[in-house]
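# Topology and contacts: notes
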Amino acid sequence: MMSAGVHFRKMNGLGNDFVVLDLRNRALPLGEATVRAIADRETGIGCDQFITIEKPRHGGDAFMGIRNQDGGIVESCGNAARCIGELMLEETGKDAVVIETLAGPTVATRAPGGLITVDMGEPRLKWNEIPLSEEFRDTRAIELEVGPLGAPIMHSPAVVNMGNPHAIFFVKDVDAIDLGRIGPMLEHHPLFPERANISVAQVLTPNHIKLKVWERGAGLTKACGTAACATAVAAVRKRLTDRMMTISLPGGDLLLEWREANNHVYMTGPTELDFEGELPPRLLSGAMA
């Protein structure tokens, strides 16, 4: 069992919540069991994703490690990038900070109203970049149906990689879809060798989308930043919206822009520090006390 004294922060972006450990000056062996123990909402601290701040690897301001509730490693997380961006902007006093992730660097800057903007980079749109297990030349709508043959509940999702794989179904009414039931089946569909985040999106106006997300390894969440980015890209590619839009998730609104000048996706939204404290040693042992 490890010694006490491991400080943590509990943060959230639109209710998508994180336990954050700063490991730049200490090393902890964090196996999947330990992450699951910390992420457990009944016996641990509770979170959608477990985040580590680590020393930069490629000249940035910090490296952000990301794990889902199930302990699995994730390449990218937009809401967490805003939270860590806020911490690093405050710590460094810089106008812009570079948050390194497994999916590549994310630049965070301050926006009006106390919000944080993150440059999520370029979307990956080819079938083998998503990745899919078979070739689809047009990833704006792939062959995938849910429901009875000939009368599917939803079909033909767009697929986008924003550091992690996303499938987005555009529907008439997101509230009519039982994503808690359908999400896990689609997350593990054979088409998605690395599993996928599953979203249902309802276009309200050319500048406004309503979105719900089933996150791989985390389930239904109040908000998913990379899903919002992927949805914005998919909507523009399908000529359903303009390049700037508000995306409304159960936890609140994000502002999205897929900028034509550089092909990057920019996401703006709030961050919150909920509380901080010391991790109980029983959680660091991976024990579910």
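Structural notes, computed from the coordinates. This is a predicted model, so every value here is computed, not measured.

How each quantity is defined
- Residue numbering note: each chain is counted from 1, following its sequence as written.
- The model is predicted, so local features are restricted to residues of pLDDT at least 70 and side-chain atom pairs to those at 80 or more, both for listing and for counting; the totals for chains, interfaces and linings are taken over all residues.
- Hydrogens are left out, water is left out, and the side-chain values use all remaining heavy atoms of the structure.
- By salt bridge we mean one thing: a side-chain nitrogen of Lys or Arg within 4 Å of a carboxyl oxygen of Asp or Glu.
- Under the DSSP-based scheme used, a helix requires at least four consecutive residues in state H or I and a strand at least two consecutive residues in state E, with every element numbered from the N terminus.
- Here a polar contact is taken to be a pair of N or O atoms separated by no more than 3.5 Å, where protein atoms must pair a possible hydrogen donor with a possible acceptor and residues adjacent in sequence count only if both atoms sit in side chains.
- Should any heavy atoms of two residues lie within 4.5 Å, those residues are considered in contact.
- The length a helix should cover is 1.5 Å for every residue beyond the first.
- Relative accessibility under 20% of the residue-type maximum defines a buried residue, over 50% an exposed one, and the middle range a partly exposed one, all with a 1.4 Å probe and only protein chains included.
- Strand pairing requires that DSSP identify at least two bridges connecting the strands.

### Quick notes on the pattern of salt bridges
- Here the structure, examined in full by the defined rule, presents 20 salt bridges.
- Residue Glu91 is joined to Arg24 by a salt bridge in which the shortest nitrogen-to-oxygen separation is 2.7 Å. Residue Glu91 is located in helix α2 (residues 78–92), and its partner Arg24 is located in the loop between β2 (16–22) and α1 (32–39); the two are separated by 67 residues in the primary sequence.
- Arg181 is the partner of Asp178 in a salt bridge, and the nearest nitrogen-oxygen pair spans 3.8 Å.

### Considering the side chain of Asn197
- Note that Asn197 resides in strand β13 (residues 197–205).
- Within the structure, the side chain of Asn197 is placed 3.2 Å from the backbone nitrogen of Arg216, a separation counted as a polar contact.
- Ignoring any residue separated from it by four or fewer positions in sequence, one finds Asn197 in contact with Asn164, Pro165, His166, Ala167, Trp214, Glu215 and Arg216.

### Some words on helix α4 (residues 225–237)
- The end-to-end C-alpha separation of α4 is 19 Å, in line with the 18 Å expected for 13 residues at 1.5 Å each.
- When you tally the buried positions in α4, you get 12 out of 13 residues, the bulk of the element.
- Buried within α4 we find Gly225, Thr226, Ala227, Ala228, Cys229, Ala230, Thr231, Ala232, Val233, Ala234, Ala235 and Val236.

### Things to note about the environment of Met120
- Among the secondary structure elements, Met120 is positioned in the loop between β8 (115–119) and β9 (145–146).
- For Met120 and Ile51, which are 69 residues apart along the polypeptide, the C-alpha to C-alpha distance reads 17 Å.
- Excluding anything up to four places from it in sequence, Met120 contacts Ser76, Gly78, Thr106, Met162, Thr226, Cys229, Val265 and Met267.

### Some points on the pairing of strand β17 (residues 252–258)
- Burial of β17 is extensive: five of the seven residues sit out of reach of the surface.
- As judged from the six bridges shared by strand β16 (residues 244–249) and β17, these two strands associate in the antiparallel manner. Bridging from a neighbouring strand, Ile247 pairs with Leu254 of β17.
- Joining the antiparallel neighbours β16 and β17 is a turn of two residues.

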